[in-house]
Amino acid sequence: MSARNGGTELDLSWISKIQVNQPAVLRRAEQIQARRTVKKEWQAAWLLKAVTFIDLTTLSGDDTSSNIQRLCYKAKYPIREDLLKSLNMHDKGLTTAAVCVYPARVCDAVKALKASGCTIPVASVATGFPAGQTHLKTRLEEIRLAVEDGATEIDVVINRTLVLTGQWEGSDFIKTSTGKETVNATFPVAIVMLRAIRDFFWKTGNKVGFKPAGGIRNAKDSLAWLSLVKEELGNEWLTPELFRIGASTLLLDIERQIYHHVTGRYAAYHDLPMS
Amino acid sequence: MAATRERTSAREIFNTLEYGPVPESHACALAWLDTQDRHLGHYVNGKWLKPEHRNSVPCQDPITGESLTACLQAQAEDVAAAVEAAGTAFENWSGLPGASRAQHLLRLAKMIQKHQRLLWTLESLVSGRAVREVRDGDVPLAQQLLQYHAVQAYTQEEVLAGWEPMGVIGLILSPMFSFLEMMWRICPALAVGCTVVVLVPPASPTPLLLAQLAGELGSFPGILNVISGPASLGPVLASHPRVQKVTFCGAVEGGLRLFIQESVWDETMRRLQERMARLRGGRGLDGAMDMGTREAAARDLAQRYVSEARRQGAQVFQAGDSLFPPTLVSDLPPASPCTQAEVPWPVVVASPFRTAKEALAMANGTPRGASASVWSERLGQALELGCGLRVGTVWINAHGLRSTEVPTGGCKESGSSWHGGPDGLYEYLRPSGTPARLSYFSENLNYDTFGLAVPSTLPAGPEIGPSPATPYGLFIGGRFQAPGARSSRPIKNSQGNLHGYVAEGGAKDIRGAVEAAHQAAPGWVGQSPGARATLLWALATALERRESALASRLERHGMELKDAKVEVELSARQLRAWGSRAQAQGHVLQVAELKGPVLRLREPLGVLAVVCPNEWPLLAFVSLLAAALAHGNTVVMVPSGACPIPALEVCQDMATLLPAGLVNVVTGDRDHLTRCLALHQDVQALWYFGSAQGSQFVEWASAGNLKPVWVNRGCPRAWDQEAKGAGAELGLRAARTKALWLPMGD
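Residues numbered from 1 in each chain as written. Chains lettered and ligands numbered in written order. Predicted model: local features only at pLDDT ≥ 70, side-chain atom pairs only at ≥ 80, totals over all residues. Heavy atoms only, no water.

Helices and strands together make up the secondary structure of chain A, namely 11 helices and seven strands. In terms of overall dimensions, chain A is globule-like: its C-alpha atoms have a radius of gyration of 19 Å, near the 19 Å expected for 275 residues. Projecting the C-alpha coordinates of chain A onto the three principal axes gives extents of approximately 55 × 45 × 35 Å. Taken across its 275 residues, chain A has 47% of its residues classed as buried. Sequence separation of at least 24 residues holds for 74% of the intrachain contacts in chain A that already meet a minimum separation of 6. Roughly 13600 Å² of accessible area belongs to chain A as shown, and the carbon and sulfur atoms make up 54% of that amount. If you average the places of the 35 positive and of the 29 negative side-chain charges in chain A, the two averages end up 4 Å apart. (Helix = DSSP H or I, 4+ residues; strand = E, 2+ residues; numbered from the N terminus. Rg over C-alpha atoms; globule rule 2.2 N^0.38 Å. Buried < 20%, exposed > 50% of the residue type's maximum accessible area, 1.4 Å probe, protein only. Contact = heavy atoms within 4.5 Å. Areas by Shrake-Rupley, 256 points an atom, 1.4 Å probe, with all protein chains shown as cover. Lys, Arg positive; Asp, Glu negative; His and termini not counted. Charge placed at Lys NZ, Arg CZ, Asp CG, Glu CD.)

What follows is the structure, encoded as structure tokens:
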């Protein structure tokens, strides 16, 4: 993690002065997707970089220790060794940024990662995920328990009631949504968030991270997200300390693209290891 | 080998996360050029034309200098051949029902869709513009243009009844045009039934490709003809008797002026520079570029401008390192020549302002009048600026949006022609039954001496017949005043006897009249349409009260008394008709792909100068005056030469009824006064109903400030007919359009 967000005095006028030119934001969103593409070895390199930003996530009702174990293994070895060797990237220790699970599964995740000698952090969703409509007492207890179990990052669900009544808090990262809504990470929303991060940095010198989550399924999308962050905030933010992508099936698609880049062929389902 | 290279690169790129090139292959463009053996001719009447003994001009890649093809330089005979072909095609094309033309345009749109890759690759390769601009902007818009105009053609018989296509249209394009600019103009022309001859500068393959695509549709080969040739052929095209109208498109994309309010100067400059630093410029055919590169001449122009600006003490910020990166110039002293000069691409000049009023004055203070955008969160303020800016298009909180339904044009030195929307169609139409424009161009007209000297006047004999004293003087600023030259001219009646004297107006008086009209303009524009209507109606009543005096004046000039009475009656009626049309006309357009309305506003031109015809001396005078005033203009009128006195009679009523300076009437030598008005840089439009020679002079001289003109080329007009005296044509010409874009969203 980068330096914690030291925070500032809450100045509500910063929030009330915000104006968003929505049609212009929509146009900018289209523009970035249309104009910033990468091909060939650039695409391969960017995709590998994208892997290092992924919070490999499983948030299903039927999660058990066995699929968590598989997930953690995949987090440590996200891309097949021989593919990495062809790109001369096998010795970089490429892993995903973190593993993201429900609080009850944090133990299993920590155990699995320890067993493979892997140091990537375990992130837990907490605070009544995904709706956040539980008592403050239980929400705080959830966080405490998750941290006790070994989670070093917490995805907090903000209390929307407070937001809608104008009562704000600070954080180290901002996330587009829980990923469980009908509309999750879209470009126009992201542009507004990134500009807010930039303005906050200009005003206070604090760097806040950004995490889009939900609906990011293909490699092409992930490249667009990297472009967006690069365009709006610059290369400084393109590090796992400040940028994460919450995704589950994305990794598989990235691996398929890498496979195609290296071999020139389209992989079959069974060619690549499950996660 | 490849594997080694790949291994090192991917590893490096993993750390730097640079973008890398996304090259678009231009093989298809080269393949097409090969079909013509890299030697393009002209495309006339559905076939390639390669006349012998012509020079060729090479066409080069603007960045690498690689030779792409050679293009023939046309000569006068080629232009004539093209016009002939277009003329023949016009007979058929204009006679078709609109639905058939619509079908044809849709087929052309499909053809473009099938060959779009070739089109955008060729355009990007030759012009250096970013391929994504052509691919995602120009080509889809070209298809939409064809579709929109197909719809207009389909409904033409009902909606545009009473209008007919003009004939053969000549289109002259300047060296830095884009093929989209060409499409904007040929689509409306073809849709309404005209046929087109395009003169492109040499080394422009894209229009030739387009002509080939159109020609390969099979039917109606001669409707679009393209000749590539030097600028000197422009006059040849323009003076060809079968060409009814010439449309000229000058260099379009220039730099920008940015006006930023002082209180947000620092923030805005910071964000602007931050964003500029991310712009990628380079080879147009690279798909990841924001901006393409122009040829050396354009870059030199920009370089000179920037060096000059630096010398005058400006701050210059340049982002990136492409051949000529986007440049931001600020702190330029207001009095420096660079502030007045045209800003070249890709430079932006930023200037601060204190209040909105100041911003308006600064923005209106340049001779350019094409488009502007206003960025403000305060709706009232944004709209006020939007309405005050003297430009053809205003965007609120957006910039550069274009759509086929919205008219695009300008005023002042951005010219007065329109494309897109309904205005674009009228450019190529004339009222049904208008005789074709015959050639009236006289080689012998001496522009330096026309109207320069004023013949001296001498006493002309006794005034005969009963007459109340004719009103004497020039009617300027709401009262009669003596002419600067202190001289008069006699007016003879139909028997050749002296009717009376009128003042001899001259250059000084014209100057005074124009000034008075400008002073009265803000007040008149501010009047509500209802107030204007009331005044015009009051004038009509006054005219009726004066009927016997006016009729007797007209009778002295050989009219039958009963005809004279009819003329007076018609005049009053015209005043009332125009009065009732003095409603603010504008309407809301629905634009595809835009959430939010676009307003098509009709605004006054400003000071309108009118040289009235000799036929219908009272009726024409009153009709023209009424039309101009109803649309919010103020006027300077030169009445009929042979019979100016009825006009002066009316002035007596105007002195009491109308605000001072609203209408100014100057009598005198018509050619001299015409000269003064045509050469005046602060007259916004000039209508001339006089001789053929005078018409030619007016058109030539008005190029000084590009004011729109309307001339009769020496042909009389039937002012008593509804369509001529009070019809749509006068209404169209008496005002200009402004498109106000209001994108919505929160």
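Attention now goes to the pattern of salt bridges. Enumeration according to the criterion identifies 48 salt bridges over all chains in this entry. The shortest N-O distance in the salt bridge between Glu 153 of chain A and Arg 244 of chain A comes to 2.9 Å. With a gap of 91 residues between them, Glu 153 of chain A in strand β4 (residues 153-156) and Arg 244 of chain A in the loop between α10 (219-233) and β7 (245-247) connect regions that are remote in the sequence. For the pair Glu 153 of chain A and Arg 244 of chain A, one class covers both residues: buried. For Asp 138 of chain B, the salt bridge identified is with Arg 129 of chain B, shortest N-O distance 2.8 Å. Residue Asp 138 of chain B is classed as buried on the basis of its relative accessible area, which comes to 6%. (Salt bridge = Lys/Arg side-chain N within 4 Å of Asp/Glu carboxyl O.)

Moving on to the interface of chain B and chain A. Contacts between chain B and chain A engage 36 residues on the former and 40 residues on the latter. Its largest share of buried area at the contact with chain A, chain B owes to Phe 14, Leu 17 and Tyr 19 of chain B, together 23% of the area lost on that side. Asp 91 of chain A is the salt-bridge partner of Arg 11 of chain B, the closest N and O atoms lying 2.9 Å from each other. Our count for the contact surface shared by chain B and chain A stands at 13 residue pairs in polar contact (both at pLDDT 80 or more). At the level of secondary structure, the elements contributing two or more residues to the side of chain B that touches chain A comprise α1 (2-16), α6 (131-154) and α11 (265-276) of chain B. Looking at the side of chain B that touches chain A, the element that brings in the most residues is α1 of chain B, giving nine residues. Residues of the side of chain B that touches chain A, tallied by class, amount to 13 nonpolar, seven polar and 16 charged. (Buried area = accessible area lost by both parts, 1.4 Å probe. Polar contact = N/O pair within 3.5 Å; in protein donor to acceptor, adjacent residues only side chain to side chain. Nonpolar A, V, L, I, M, F, W, Y, C, P; charged D, E, K, R; others polar.)

This part covers unusual backbone geometry. In the segment running from Phe 129 of chain A into Pro 130 of chain A, the intervening peptide bond is cis, with an omega of -5 degrees. Of note, Pro 130 of chain A is situated in the loop between β3 (122-126) and α7 (136-149). Trp 345 of chain B connects to Pro 346 of chain B through a cis peptide bond whose omega is -5 degrees. Mapped onto the fold, Pro 346 of chain B is located in the loop between α13 (337-340) and β14 (347-353). In this model, Asp 37 of chain B sits at a positive phi of 55 degrees, which is unusual for a non-glycine residue. Within the secondary structure, Asp 37 of chain B sits in the loop between α2 (27-35) and β1 (39-40). With a phi close to 55 degrees, Lys 412 of chain B is a non-glycine residue in the positive phi region. Turning to its location among the elements, Lys 412 of chain B is positioned in the loop between β16 (393-396) and α16 (421-426). Assessed through its relative accessible area of 24%, Lys 412 of chain B is described here as partly exposed.

All names here are of chain A. In this structure's numbering, the residues bearing the UniProt feature "active site" (unreviewed entry) are Lys 175 and Lys 211. Taken together, the annotated residues stretch across 37 residues yet fold into one region, lying no more than 4.5 Å apart by C-alpha. Mapping Lys 175 onto the fold places it in strand β5 (residues 173-175). For Lys 175, the contacting residues outside a window of four places in its chain are Asp 155, Met 193, Lys 211 and Ala 213. A polar side-chain atom of Lys 175 sits 2.9 Å from a polar atom in the side chain of Asp 155. Topologically, Lys 211 is positioned in strand β6 (residues 209-211). In contact with Lys 211, other than residues within four places in its own chain, are Asp 55, Cys 100, Asp 155, Phe 173, Ile 174, Lys 175, Thr 176, Arg 244 and Gly 246. Within the local environment of Lys 211, its side chain forms a polar contact with the side chain of Asp 155, the two groups lying 2.9 Å apart. (UniProt positions renumbered as here; feature names shortened; annotations may be inferred.)

All names here are of chain A. Across the sheet, five strands lie side by side as β4-β3-β2-β1-β7; this open sheet has parallel pairing. In this open sheet, the two strands that pair with only one neighbour each are β4 and β7. Pairs of neighbouring strands in the sheet enclose a mean axial angle of 30 degrees, with direction left out of account. Looking at chain direction, β3 and β4 are connected through four bridges and run parallel. Across the sheet, Ala 126 pairs through a bridge with Val 156, a residue of β4. Where helix α4 (residues 65-76) meets the sheet, its contacts fall on β1 (54-57) and β2 (98-101), and the angle it forms with β2 comes to roughly 160 degrees. (Pairing = 2+ DSSP bridges. Axes fitted to C-alpha atoms, helices over the stretch in contact; angles between N-to-C directions.)

Looking now at the nonpolar core. Leu 48, Ile 79, Phe 210, Trp 225, Phe 243 and Ile 254 of chain A are the most contacted members of the largest nonpolar core, which has 73 residues in total. Apart from the residues lying within four places of it in its own chain, the contact partners of Trp 225 of chain A are Ala 185, Thr 186, Phe 187, Ala 190, Phe 210, Pro 212, Ile 216 and Phe 243 of chain A. Counting 70 residues, the second largest nonpolar core, distinct from the first, contains Val 139, Met 182, Ala 211 and Leu 217 of chain B. (Core = buried A, V, L, I, M, F, W, Y, C linked by side-chain atoms within 4.5 Å.)

So, about the packing of helix α18 (residues 529-545) of chain B against helix α21 (residues 617-630) of chain B. All names here are of chain B. The N-to-C vectors of α18 and α21 enclose an angle of 160 degrees; their axes lie 10 Å apart at closest approach. Our classification of the angle between α18 and α21 gives roughly antiparallel. Between α18 and α21 the crossing geometry is right-handed. On α21, the residues that touch Arg 532, Leu 536, Leu 539 and Leu 543 of α18 are Val 622, Leu 625, Ala 626, Leu 629 and Ala 630. Taken together, the residues of the contact of α18 with α21 sort by class into eight nonpolar, no polar and one charged. (Parallel < 35°, antiparallel > 145°, perpendicular 65-115°, else oblique. Left-handed = near helix turned anticlockwise from the far one by under 90°.)

So, about the sheet that holds strand β4 (residues 56-60) of chain B. Residues and elements named next belong to chain B. The strand order across the open sheet built from three strands is β1-β5-β4, with neighbouring strands paired in mixed fashion. Here the strands that pair on one side only, and so sit at the sheet edges, are β1 and β4. Where β1 lies against strand β5 (residues 67-72), two bridges are found, and the strand directions are parallel. The partner of Leu 40 across the bridge, within β5, is Cys 71.

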